[in-house]
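So you can see what is in the structure, the chains are spelled out below.
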Amino acid sequence: MNMKQLEKSWFPWPLASLMVVMMFLPMGKPLTSQSNDRNITLIRDYCSTYYQTEETYFFQNFNATFSSLRWQLLVNRLRYAVARTLVNGASVWGRAWCRGYVSTANCVACFDYAVAQLRVCGHVDGGHAFYNDCDLRYDTYDFYTNPYVDRSYVDRSGIYLCGNQSASQPTSFIQTVDGLLSDIKYATPKTSDFYVASIRQIRNGNGNVYGVAQCVENISHAICQDCINARYTSVTKCLPNTEGMSLDMACFARYSATPFFNINQTIDIRNILQGHSSNVTKFGGAIGGAGLFIFLVLWLMLQLWKKPKKTKEGEPDLDEAIKYNYKHLQSATNNFSEENLLGRGGFGKVFKADLDANNIVAVKKIEVGYTSKAKEEFENEVKLIGNIHHRNLLRLLGWSSEGSNLVLVLEYMSNGSLDGFLWGAKKGTLNWKQRYGIIFGIARGLHHLHNESHVKIIHRDIKSSNILLDHDFQPKIADFGLARFIPDDQSHLVSSRFAGTLGYTAPEYARHGILSDKVDTYSFGIVTLEIISGRRSTDMNFDRPSMDYLLEHAWTLYENKEHIKLIDETLDVSHYQKEHMMHIIEIALVCTQSPSSERPNISEVILMLTNNRSVLNRQLRRPTLVDYDRRIRIGS
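Residues numbered from 1 in each chain as written. Predicted model: local features only at pLDDT ≥ 70, side-chain atom pairs only at ≥ 80, totals over all residues. Heavy atoms only, no water.

Our next topic: the nonpolar core. Among the nonpolar cores identified, the biggest contains 160 residues, and F524 and L609 are the most heavily contacted of them. Leave out the neighbours within four places in its chain, and L609 touches R119, Y436, I439, F440, A443, F524, I584 and I587. Formed by 13 residues, the second largest nonpolar core is a distinct cluster that contains A332, A353, L355 and V361. (Core = buried A, V, L, I, M, F, W, Y, C linked by side-chain atoms within 4.5 Å. Buried < 20%, exposed > 50% of the residue type's maximum accessible area, 1.4 Å probe, protein only. Contact = heavy atoms within 4.5 Å.)

The strands that make up a sheet are held in pairs by hydrogen bonds between backbone atoms, and each pair lies either parallel or antiparallel. The five strands lie next to each other as β2-β5-β6-β4-β3, forming an open sheet whose pairing is antiparallel. The sheet is open, and its two borders are formed by β2 (42-47) and β3 (80-85), each paired with just one other strand. Averaged over all neighbouring strand pairs, the angle between strand axes comes to 5°, with direction disregarded. Pairing between β3 and strand β4 (residues 92-98): six bridges, direction antiparallel. The partner of R84 across the bridge, within β4, is W93. Lying over the sheet, helix α4 (residues 104-119) contacts β2, β4, β5 (126-131) and β6 (134-139), oriented at roughly 140° with respect to β5. (Pairing = 2+ DSSP bridges. Helix = DSSP H or I, 4+ residues; strand = E, 2+ residues; numbered from the N terminus. Axes fitted to C-alpha atoms, helices over the stretch in contact; angles between N-to-C directions.)

At their nearest, the axes of α4 and helix α13 (residues 432-452) sit 10 Å apart, and the two run at 160° to each other. Overall, the two elements α4 and α13 adopt an arrangement that is roughly antiparallel. The chirality of how α4 crosses α13 is right-handed. The segment α4 lies against α13, with A109, D112, Y113, A116, Q117 and R119 engaging K433, Y436, F440 and R444. (Parallel < 35°, antiparallel > 145°, perpendicular 65-115°, else oblique. Left-handed = near helix turned anticlockwise from the far one by under 90°.)

Before going further, it helps to spend a moment on the pattern of salt bridges. One pass over the structure, following the stated rule, counts 21 salt bridges. Of the charged contacts, one joins E338 and K349 as a salt bridge, the two residues approaching to 3.8 Å between their closest N and O atoms. Taken together, the positions of E338 in the loop between α10 (326-332) and β14 (341-345) and K349 in strand β15 (residues 348-356) put the pair eleven residues apart, joining distant regions of the chain. Taking relative accessible area as the criterion, K349 reaches 23% and is therefore assigned partly exposed. The shortest N-O distance in the salt bridge between K427 and D568 comes to 3.8 Å. Remark: D568 occurs in the loop between α16 (550-559) and α17 (575-591) and K427 occurs in the loop between α12 (419-422) and α13; sequence separation between them is 141 residues. (Salt bridge = Lys/Arg side-chain N within 4 Å of Asp/Glu carboxyl O.)

Structure below.
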């Protein structure tokens, strides 16, 4: 008898549900944190092993349910949303849950990543993705009306995730965290929304500890208490590390020495704690009310009294970027030797640098004609991009501008650039789930540059060699710091000299220098076709009489309803995955439409990728193709 038969016979469905989840989630095993980026750190995900027979109606309901959840999070600004769609017996139930401290924008962004993660499950009848700041689950039955009818269904160990840095004063840190979590554990089930966020000053030390606990909204106070007790036991195993979290399907707990919510988001639990005290509460270490206000005033006054001082090596400057000594970087790269060379770009060479035993970075030596104005512009751009942080953007760690030497210090990506996995030595090693994750990550990175950063940035040179992959094959866009910055009041079409790469560049920009964010949309479409096909955009060596470039070849296949033939032959994909890939090909072709007004912006692209919205609500036209040979001759 399989799990579904058990569930439909005598087993209570919540127990069967939990058993299915536990098949995919080995609980009680600590995980090491791999990212400091907040809302899109994937902790665990699973896909059911049972397939849905009514594929067509299932996906219609799947998309409708997820669209409803997103609407509730975005428009109604909820942090806990449920939805159900039932058409022709193919019911899909969904639940989205964001942490109470997360903004609406970050909640929706986390939801979008979770949808992209679960969409790759295909037509299986259930899936669940746990992220740092949200989780998303769907199934074909009502799993959320009362997910825990008995306390015995609360998972005692859960998932727990620990940071990798130990506290400098472990004894006082452990005492402070234990006291904070003990109070939070007691207070959370007694609040109206099962949520507490609190701050406590570290005993006998400097700094604060930030703590949160939260239960889903549809369980009883007693079950919430039982769940939080289990999370407390689990997360304290991370001590004396400076960060830890624990979660299961019903509750969540986290502490950190680094702020992960705003001070004004704290919950006053002093009235709840009357009659209950932890060791640290007795000591009087809680920060709240007037004490917190005084602390903020003193901190602000201190910042105002600070005098400017000359930046030394290793000190933050230019908005969080660190200024490095050039000779130090020269030594770390073995005098910028060929042995340390990672690659060459349009603006210079990139070298691997060992700053110390545990700190490997990438050093980009900018090769431009040096002038005092070039140095000034370089430092201005470093200042602009120094505080741009996003999971899908390569992070600037530091810089150096001694004399004529202009150098950027960047994150080191162990897996190198995407092109090496598409047609290089590692060709064929990426499966479809990884490739789709890369496509989605590139879109999210561009969305941040276009719409979310403090200054609008149009990259202009999106290409496979500018997409780097971390240890987990998450993409990071490189070289955006050397792109043109577009002021908010000049986000319309502007003229500019050509600065892209032929084969990836939109026709209006390659021919006339007309620049808009739709230029990046076009390049994104080309890179997406490369990811699906495993071929270069300018590769004409197809195994057939055609000598078309990739875009023209893809369009010809699409016109003949044969775009399934574009899929990389090294991929072993299921029937559903092939249908999904054909849909992504259509999105890529929409991105390459001309004129640029026919292309979606990158926000619309993300909706297409996550919600499976039809891209054929307007008829696609044959893309405008650039004669690259002629263009190269003109430019030479």
